[in-house]
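# Coordinate analysis (summary)
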Amino acid sequence: MSFIDDFRAKWREYRRPGYYEEFDYAWTMTIDLDRCTGCEACVTACQAENNIPIVGEEAFAKGRQMQWIRIERYWEGEYPDVKLRFIPMLCQQCDAAPCETVCPVSATYHNQDGLNAQIYNRCIGTRSCAVYCPYEVRYFNYNDHHWDAPLDQQLNPDVSVREKGVMEKCTFCIQRIRQAKDQAKDDDRRRVRDGEVQPACVQTCPTQALVFGNRLDPDAQVTGLMDDPRAYHVLEELNTAPSVVYLKKVEVDAV
Amino acid sequence: MQSDARDISYADVNRDVVRSLVETGRTYYITLATAITVTLVCFFFPWFYQLYYGLGAAGVNHPGVWGTYLASFIFWIGLSHSGTLLSCVLHITNSSWRKAMYRSAEAMTLFSLVVAATMVMVHLGRPWFVHWALPYPNQMELWPNFKSPLLFDVMAITTYVTGSSIFIYMGTIPDFAAVRDRTTGWRHHMYVLLSLGWRGTDTEWNRLGWAYTFLAVLIIPLAVSVHSIVSWDFALSIVPALHQTIFAPYFVVGAIYSGTAGIVTVMYMLRKYMDFGQYITKLHFDNLGKLLLVLSLIWTYINVLELFTGWYSGTSTEYEALNYKLFGYYAPLYWEMILFCAVAPLLLISKRFRTSFVPMLILSILINIGMYTERFLIVGTSLSRQYLPDAWGLYVPSLVEISILIGSLGLFVTLFMLFVKIFPSISIYEVKETLPEPEDAPDPAPQIGAPEWQPTR
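Remember, it's a predicted structure, so these values are computed and weren't measured experimentally.

We now examine the overall build of chain A. Scanning chain A from terminus to terminus reveals eight helices and 10 strands. Against the compact-globule benchmark of 18 Å for 255 residues, chain A has a radius of gyration of 20 Å, which places it among compact chains. Its C-alpha atoms give chain A principal-axis dimensions of about 75 × 50 × 40 Å. Put simply, chain A has 255 residues, and 38% of those count as buried. In chain A, 62% of the contacts between residues at least 6 apart in sequence involve partners at least 24 apart.

Right, dumping it as structure tokens:
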């Protein structure tokens, strides 16, 4: 009855309290809204790194733009006294992600790095993950996209090009994380060092508003920033346990 | 026994039902041809285009990733709910008025489920991989996600389709036998196969009775669970207007409501075009009308409760969702739904209304339009107003979606038209139970005469 024993062992393992909190790494991003200028360099970098299609004017008008990271703009106040606020919004890599429970084929799941991973090949396109996601950061391929002649040469070979009918979203540049881990293994190190891996958006941010790292590492830069009194999660009341931490903008008037 | 005694005999029942199967008029062929054309042109053609182009052919966009396909799916599942469920409830409560109508009601269940399953295929981004949602053994040791409400759906609906197919088929076996003995040619051969060698012995009747009652009892909780589970697709999300515990009873009541209205429509059609005026009488419309009235009141109550829950939550997101639903872009549709499903059915209080056929037909169609609107609003308005205002949007169905919606009706009608020529659409043996036994005249086919078994009394 090796099958039963096997199953029991797995069951015990999965039911162990704290199993889901134990990660090899817990990749975290902090976004300092005080530093963010809303320049959208991160958006462009992401687009280039992850083979995100440019959908074109017509599809954009229909509300089908693909931006794994987007800058949300909010206007505050009435005309003469207006304030513009913006906040970069990307997949929060929730530890208790609503999107993971709803996928009938487990195309989206939590990996051992604490990332909310998406398997494009497994996706059947029910789009329920996008409905369940309160941050609205999942993007669906409404049709096949193509890159005109010279542009197809610039596609990133480390990232797949997604087919029509597939959901996609920010991966924290999982291809870079993999590379860093491989590198660490080749160098006979067990762990990836802080600062060794950066997603495209973090790498590009001119004001270094975005910081990326492993929050399990007590010396990492993100771990320090997470203790900042300005730190908060977006929609924290929904208990999704996001891995992206925002640092509140300092109000000059309020000081 | 039926109160309005009709002077029809056992032989008349046999003759009438067999006639409905064998004699086919012009109207039938014209309707069938139209239905098939509509199905091909409005359903399959746009669907193939969508398969080729991608889901972008539909109007779905970023916040509104679910569209009318899902609304149609809920609608058809809902429509399926009254047939078998109603038939089962009426069977175990021994309501004899069920007997003339239950066969067509059950067929409606079955075909609605077929159309609903097709709508799922249309809804998916990559329907060619739909089998991945089934737990089949495979080399990769990949299982579907058992935590997913969508997977509960797959399970529940598969079970429901299986259960209702067995139920309708089993209940028809004696009738297949009756028709077998009165037909010739290829029809005879077909019914020989379908009747599974039914001879009409006491033992057979006894077993049929037991199995039938057993299945009826089994199907009732199943039917209730199916639509509860469909509602969990929505209620288990954290979308403001959808995350409500009232959703399961809301969907179940809505399903039975629209299903009952659907039965009224189908019965009117059968009465009118299949000449079943003697069997489907005012009594049936009266009783169904009462049922519709009760259901409409429950439905209205739950609707008010839904609004109350949103208001009572006191959160800005719920307020916004509520506000958008009541006064937003789709507000006219909301008030149309209230008019058709909550206000208009109050007419059913009058018995004169319940027993007049054409007003009942109109009302039943209005109710189903209203119920479709309800499903559309659940999908169309809730997703547009979620937590982050930056991601608010508007979903408008595209032509492809509207065409597929019309085509799905065509598909349903096609299936139903084929059904009425294969299945005896009125239960021969159960209608006979309601008639006085013949005194001296021997029945032309004694072996399928009045059944000896009594349903559990």
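What follows is about the sheet that holds strand E1 (residues 27-32) of chain A. By way of backbone hydrogen bonds, the strands of a sheet pair with one another, either parallel or antiparallel. All names here are of chain A. Spatial strand order, E8-E1-E10-E9: four strands in an open sheet with mixed pairing. Edge positions in the open sheet fall to strand E8 (210-214) and strand E9 (231-232), since each of these has one partner strand only. Pairing of E9 with strand E10 (residues 244-247), which is carried by two bridges, proceeds in the antiparallel orientation. Across the sheet, residue tyrosine 232 finds its bridge partner in E10, namely tyrosine 246.

Turning to helix H9 (residues 282-313) of chain B, a few remarks are in order. Residues and elements named next belong to chain B. The end-to-end C-alpha separation of H9 is 46 Å, in line with the 46 Å expected for 32 residues at 1.5 Å each. Taken residue by residue, H9 has His284, Phe285, Leu288, Gly289, Leu291, Leu292, Leu295, Ser296, Trp299 and Gly310 as its buried positions. In the core, the buried residues of H9 are packed alongside helix H8 (247-273), helix H10 (316-327), helix H11 (331-343), helix H12 (351-354) and helix H13 (357-382).

Further remarks concern the interface of chain B and chain A. Counting from both sides, the interface comprises 34 residues of chain B and, opposite them, 36 residues of chain A. Per-class residue counts for the side of chain B that touches chain A are 21 nonpolar, 10 polar and three charged.

Attention now moves to the nonpolar core. Of all hydrophobic cores here, the largest spans 179 residues; its most connected members are Leu210 of chain A together with Phe73 and Ile263 of chain B. Per-element tally for this core: the top contributor is H8 of chain B, with 14 residues. In this structure leucine 210 of chain A touches Met29, Ile31, Cys42, Cys201, Val202 and Cys205 of chain A, once residues within four positions along its chain are discounted.

Parameters at a glance
Throughout this description, residue numbers start from 1 for each chain and increase along the sequence as written. For this description, chains carry letters from A and ligands carry numbers from 1, given in the order in which they are written. Given that the model is predicted, a residue must reach a pLDDT of at least 70 before its local features are reported, and side-chain atom pairs must reach 80 or more before they are shown or counted; all residues, however, enter totals for whole chains, interfaces and linings. Labels follow the DSSP assignment, with helices taken as runs of H or I lasting at least four residues and strands as runs of E lasting at least two, numbered in each case from the N terminus. For the radius of gyration, the atom set is restricted to C-alpha positions; the globular benchmark scales as 2.2 Å times the number of residues to the power 0.38. A residue is called partly exposed when the number of other C-beta atoms within 10 Å of its own lies between 12 and 20, exposed at 12 or fewer, and buried at 20 or more, with C-beta atoms placed from the backbone. Contact definition: two residues whose C-beta atoms, as placed from backbone geometry, lie within 7 Å. Strands qualify as paired when DSSP identifies two bridges or more between them. Helix span, expected: 1.5 Å multiplied by one less than the number of residues in the helix. All amino acids are sorted into three groups, where Ala, Val, Leu, Ile, Met, Phe, Trp, Tyr, Cys and Pro are nonpolar, Asp, Glu, Lys and Arg are charged, and the leftover types, Gly among them, are polar. One nonpolar core equals one set of buried Ala, Val, Leu, Ile, Met, Phe, Trp, Tyr and Cys residues connected by C-beta atoms within 7 Å.

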